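Observations on the three-dimensional arrangement
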Amino acid sequence: MPKCVLLAIESSCDDTSAAVLVDGEVISNVTAGQKVHELYGGVVPELASRAHHANIIPVIEKALNDAKITKKDINAIAVTKGPGLLGSLLVGIGFAKSFAQAMNIPIIEVNHMQAHVLAHFIDEPKPNFPFLCLTVSGGHTQIVLVKNYLDMEIIGETLDDAAGEAFDKAAKMMGIPYPGGPLVDKYAKEGNPLKFSFTEPQIADLNFSFSGLKTSILYFLQKETVKNANFINENLNDLCASIQARIVSILINKLKKASQLTGINEIAIAGGVSANGGLRAALDIEGAKLGWKTYIPQMQYCTDNAGMIAMAAYYKYLENQFSDLKMAPMPRLQI
Ligand code: KG4
Ligand code: ZN
């Protein structure tokens, strides 16, 4: 008989996801995305929570079926407490509370950003403590000093836009639908990263800024489109490659600085932008040059997923860190 069977739910933004973990192993992970936001160039909170309502039961049923378990086997239910969109978080938390009450099991609340980091413990190889994790998503860009499973410190973060937002906003300027990051990545593979040059912002410490880059891309595209109305179409691959190369160099340069300052050579990346081909390749290349041990999650655990929520919840389960039916969403929860 397994000692610990967890059902985990993630609904902080625009992915509805459920996962089952048995004794520390994630054995199912099912995620439903939401196409509805494509039309609007970004996530529309009200539409996101409605789509979570529609998706949550089928996603959970599939996760239980894939794992070949029934509701009665579950010892605790884990759910994202924040950060995220209030209406989206409420759908997952509402379900978790009802389920906990009906089945008489405890709730484990999970910090979404800690969970992105702990996605590294789903598969081998697992990082050794302490390690640095660059967590890059649609809402966050952080360098996290990870001292232990549940002991983390943010040592650098963005002062304005997140890295994923920089990808998505640049994509929108080029007429690429939301979320633009994966498509910029795809077009960049066919493009020349040296064709256009965008300046790297000079930001103190380990912090990031992407708003200047966004403005310089906007002005550049406006200037070139006045001269040639077809400029973006004719240069899409090179534009994507050049923009991606600059975002990646900003991220990698800060990681190098963080490694120098802390003396830590165990380096991980996490979050939606860690799915980016340019970032993954750059981490491998720079890591090999600098003698880093690098950790890159499997694709399904980069973007939002409940597998990582289950993993984070497992460490809280081992420490007896349970919540009760009074738990509430925290849209601005910090690590
Ligand atoms: O972690 P995530 O799924 O959700 C948040 O917590 O925000 O990250 C979503 C972000 C979006 O901005 C999306 O465009 C970006 O990750 N993203 C990518 C790629 N895949 C997802 N950005 C660049 N290249 C990719 N392949
Ligand atoms: Zn996320």
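Note that this is a predicted model, so its numbers are computed, not measured.

Cut-offs and rules
- Residues numbered from 1 in each chain as written.
- Chains lettered and ligands numbered in written order.
- Predicted model: local features only at pLDDT ≥ 70, side-chain atom pairs only at ≥ 80, totals over all residues.
- Heavy atoms only, no water.
- Near = heavy atom within 4 Å.
- Polar contact = N/O pair within 3.5 Å; in protein donor to acceptor, adjacent residues only side chain to side chain.
- Helix = DSSP H or I, 4+ residues; strand = E, 2+ residues; numbered from the N terminus.
- Nonpolar A, V, L, I, M, F, W, Y, C, P; charged D, E, K, R; others polar.
- Pairing = 2+ DSSP bridges.
- Axes fitted to C-alpha atoms, helices over the stretch in contact; angles between N-to-C directions.
- Contact = heavy atoms within 4.5 Å.
- Salt bridge = Lys/Arg side-chain N within 4 Å of Asp/Glu carboxyl O.
- Core = buried A, V, L, I, M, F, W, Y, C linked by side-chain atoms within 4.5 Å.
- Buried < 20%, exposed > 50% of the residue type's maximum accessible area, 1.4 Å probe, protein only.

Some points on the site of ligand 1
Taken together, 19 residues lie around ligand 1, and Gly138, Asp168, Asp185, Asn276 and Asp304 are the ones closest in. Taking His116, its side chain carries an N or O atom lying 3.3 Å from an oxygen atom of ligand 1. Interatomic distance of 2.8 Å between a side-chain N/O atom of Asp185 and a nitrogen atom of ligand 1. Looking at the shell around ligand 1, the elements that each hand over two or more residues are helix H3 (112–118), helix H4 (163–173) and helix H5 (181–188). Grouping the amino acids of the shell around ligand 1 by side-chain chemistry returns 5 nonpolar, 11 polar and 3 charged.

Quick word on the sheet that holds strand E7 (residues 141–148)
Strand order in the open sheet made by the 5 strands is E8-E7-E6-E9-E10, with mixed pairing throughout. Each having just a single partner strand, strand E8 (151–157) and strand E10 (293–295) make up the two edges of the open sheet. Across the sheet, the mean angle from the axis of one strand to that of its neighbour is 25°, orientation sign disregarded. Two elements, strand E6 (residues 131–136) and E7, share 6 bridges in a ladder whose sense is antiparallel. Counted as the bridge partner of Leu134 is Ile143 from E7. Sheet contacts for helix H8 (residues 236–262): E6, E7, E8 and strand E9 (266–270); angle to E6, the most-contacted strand, approximately 155°.

Description of the pattern of salt bridges
One pass over the full model with this rule turns up 18 salt bridges. Residue Asp66 is joined to Lys62 by a salt bridge in which the shortest nitrogen-to-oxygen separation is 3.1 Å. You can see Asp66 and its partner Lys62 sitting in helix H1 (residues 45–67), 4 residues apart, about one turn around the helix. A salt bridge links Lys147 to Glu153, with the nearest nitrogen and oxygen atoms 2.9 Å apart. Residues joined in a network through salt bridges with shared partners are Asp161, Glu165, Lys169 and Lys214.

Some points on the nonpolar core
Core analysis: the biggest nonpolar cluster contains 45 residues, and Leu134, Met174, Phe210, Ile247, Leu251 and Leu279 have the highest contact counts within it. Among the elements that line this core, the one with the most residues is H8, at 12 residues. Setting aside chain neighbours within four positions, we find Phe210 in contact with Thr141, Thr158, Asp160, Asp161, Ala162, Ala163, Ala166, Ile247, Ile250 and Leu251. Ranked by size, the runner-up nonpolar core spans 34 residues in total, among them Ala19, Val144, Tyr301 and Ile309.

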